[in-house]
Amino acid sequence: MSLTNCRKMQVVISAAFALCFLVITGVHGDRLTVLQAPEFMSFQKGEWPISGEKIPDLVALTMGFSVQEDLSWPGLQAGPLFQRPRANVLVVVRGADSLALPQNVASYPLENPVPFTLDSVAETVHSLFAEDTPVVLQLAPSEERLYMLGKANAVFEDLPVTLQQIRARLSQDGSVLASLPLNSLSRNAEADLLFLSEVQVLHDITALLQRHRHLAKDHSPDLYSLELSGLEELSRLYGQDSPQYRDATAILASVLQKFGEDVYGLYGNSAVVEVVTVKTFEAPLTRKSRSILESKQISNPGSPYNLAYKYNFQYAVIFNIVLWLMITLALAVIIIAYNLWNMDPGYDSIIYRMTNQKIRMD
């Protein structure tokens, strides 16, 4: 074998090894970054990958809830039994595999980036703390999707939801347009306005929390789930090498860093703030959502926001108690009626016995 052929063989082998490495580690390099966490939460630094479908279980465990399957992931260690964070904030950023977030607790690679929701965690929070009315807010500005429970109905009812409302908010006083370095971003382009509207929503959430600080002082944990897709639209329209995309990435990284610090401080350094950056999801998410501004027909007359009736997890217990009690009473009535129908008045009834004795004495 000649020297040239040996070199060609080495190049082919090196390329094969590099291809295998990319397949194993993942091409996109999606990340889960923990921006803020209380001191009693033990997030271990390391490159332990976590599956996208396990993110809801991770959020549930950080809030002290149990999950159906054990999460065998070394990134999160068991914490104190009687301490839980006051809030968990999860921000999903679509269109970027990573962001420059230097001030973080830990960062982990994300594998199998499938779509996920925190509906199960929201139902657990609402069922366990229904009397305390915790804040449960799930928001996706690009899809105009809003889901609120508890005190969020009263606090975040003025939060702009539709793109038209958010764009109107951008032209008002206190808008982020006055403080952000737009550089190559335009105020007239649709994709740019979508990105800026998501930044405005983050700013408005922290502003509302600062106005209603009592929400962070109660004993019920709060849950926030935000999905941002403005970067994905910019990447599709301009490309990742465009100045618009680079400027938007830098703006979003600084805004998320400040957003995490503000929320962490408002909750008394007892909040978990995670950021999931994913280039694109592997499968579309089919989900039926409710919007407080979408439907005019109100299914629940007691609620002006077209929310479903409150579901109590003790419904199954109460249903079984009522069902078997009614069956028992029905059987008792049938047995008593049968015995009365077949009763011999001369031997079985004390009334007839006294009547017969009285007749005989007369």
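Quick look at the structure, then. (Residues numbered from 1 in each chain as written. Predicted model: local features only at pLDDT ≥ 70, side-chain atom pairs only at ≥ 80, totals over all residues. Heavy atoms only, no water.)

## Describing the overall build of the protein
Scanning the protein from terminus to terminus reveals eleven helices and ten strands. Taking all 362 residues of the protein together, 44% fall into the buried category. Restricting the contact set of the protein to residue pairs at least 6 apart, pairs at least 24 apart contribute 76%. Split by element, the accessible area of the protein, about 21,200 Å² in all, is 57% carbon and sulfur. (Helix = DSSP H or I, 4+ residues; strand = E, 2+ residues; numbered from the N terminus. Buried < 20%, exposed > 50% of the residue type's maximum accessible area, 1.4 Å probe, protein only. Contact = heavy atoms within 4.5 Å. Areas by Shrake-Rupley, 256 points an atom, 1.4 Å probe, with all protein chains shown as cover.)

## Thoughts on the environment of D192
Here D192 lies in helix α6 (residues 190-211). Overall, the relative accessible area of 1% leaves D192 in the buried class. For the pair D192 and Y245, spaced 53 residues apart in the sequence, the C-alpha separation amounts to 9.6 Å. Ignoring any residue separated from it by four or fewer positions in sequence, one finds D192 in contact with L185, S186, L234 and Y238.

## Quick word on the nonpolar core
The biggest cluster of nonpolar side chains holds 55 residues, and the ones touching the most others in it are F156, F195, I205 and L231. With residues up to four places along the chain from it excluded, the contact list for F156 reads V135, L137, M148, I205, L208, L209 and Y224. A60, V272, V276 and V278 belong to the second-largest nonpolar core, a separate cluster that totals 34 residues. (Core = buried A, V, L, I, M, F, W, Y, C linked by side-chain atoms within 4.5 Å.)

## What about the packing of helix α5 (residues 163-170) against α6?
Running from N to C, α5 and α6 cross one another at 75 degrees; their axes reach a closest spacing of 9 Å. The angle between the axes of α5 and α6 places the two elements in the roughly perpendicular class. Across from L163, I166, R167, R169 and L170 in α5, the residues of α6 making contact are E190, L193, L194, L196, S197, Q200, V201 and D204. Residue composition of the contact of α5 with α6, grouped by class: seven nonpolar, two polar and four charged. (Axes fitted to C-alpha atoms, helices over the stretch in contact; angles between N-to-C directions. Parallel < 35°, antiparallel > 145°, perpendicular 65-115°, else oblique. Nonpolar A, V, L, I, M, F, W, Y, C, P; charged D, E, K, R; others polar.)

## Section: α6
Taking 1.5 Å of rise per residue, the 22 residues of α6 would be expected to cover 32 Å, and the 31 Å separating its terminal C-alpha atoms lies within 8% of that figure. Counting buried positions along α6 yields 17 of 22 residues, so the element is predominantly enclosed. (Expected span 1.5 Å × (residues − 1).)

## A few points about the side chain of R169
Counting through the fold element by element, R169 comes out in helix α5. For R169, a relative accessible area of 16% corresponds to the buried category. Side-chain polar atoms of R169 contact the side chain of D204, separated by 3.3 Å. (Polar contact = N/O pair within 3.5 Å; in protein donor to acceptor, adjacent residues only side chain to side chain.)

## Section: helix α7 (residues 230-238)
Where α7 is concerned, the buried positions are G230, L231, E232, L234 and S235. Here the buried face of α7 lies against β5 (87-94), α6, β9 (222-228) and α8 (243-266). In the segment just after α7, G239 is the residue with positive phi, at about 100 degrees.

## Here we look at the packing of aromatic side chains
Evaluated as defined, the whole model comprises three aromatic pairs. Relative to Y108, the ring of W73 has its centre 4.7 Å away and its plane inclined at 75 degrees; by these criteria the two rings are edge-to-face. Pair noted here: W73 is in the loop between α2 (55-62) and β4 (76-77) and Y108 is in strand β6 (residues 106-111), with a separation of 35 residues, a long-range link. Accessibility expressed as a relative area gives 7% for W73, which makes it buried. Ring geometry for Y224 and Y267: centres 6.5 Å apart, planes at 70 degrees, overall edge-to-face. Of this pair, Y224 sits in strand β9 while Y267 is found in the loop between α8 and β10 (271-278), placing the two residues 43 residues apart along the sequence. (Phe/Tyr/Trp six-rings, centres within 6.5 Å; stacked < 30°, edge-to-face > 60°.)

## Some thoughts on the pairing of β5
Each regular strand shows side chains that alternate between the opposite faces of the sheet. Of all eight residues making up β5, eight are buried, and the element is well covered by its neighbours. Neither face of β5 is exposed, since A87, V89, V91 and V93 on one face and N88, L90, V92 and R94 on the opposite face are all buried. When β5 meets β9, the two strands line up parallel, connected through seven bridges. Residue pairing for β9: V93 is matched across the bridge by L228. (Pairing = 2+ DSSP bridges.)

## Brief notes about unusual backbone geometry
Of note in the backbone geometry, N112 takes a positive phi value of approximately 50 degrees without being a glycine. In this fold, N112 is placed in the loop between β6 and α3 (119-128). What makes N112 partly exposed here is its relative accessible area of 30%. Positive phi values are uncommon outside glycine, yet N269 reaches one of about 55 degrees. Looking at where N269 falls in the secondary structure, it is placed in the loop between α8 and β10.

## Things to note about the pattern of salt bridges
Going through the model one piece at a time under the given rule, you end up with eight salt bridges. Its salt-bridge partner being R94, residue E227 comes within 2.8 Å of it at the nearest N-O pair. Pair noted here: E227 is in strand β9 and R94 is in strand β5, with a separation of 133 residues, a long-range link. R94 carries the same exposure label as E227, and that label is buried. The salt bridge partner of E233 is R236, with a shortest N-O separation of 3.0 Å. Taken together, the positions of E233 and R236, both in helix α7 and three residues apart, correspond to about one turn of that helix. On the basis of relative accessibility, which here comes to 31%, the residue E233 falls in the partly exposed class. Shared partners join several salt bridges into a network, and the residues in it are R94, E227, E232, E233 and R236. (Salt bridge = Lys/Arg side-chain N within 4 Å of Asp/Glu carboxyl O.)

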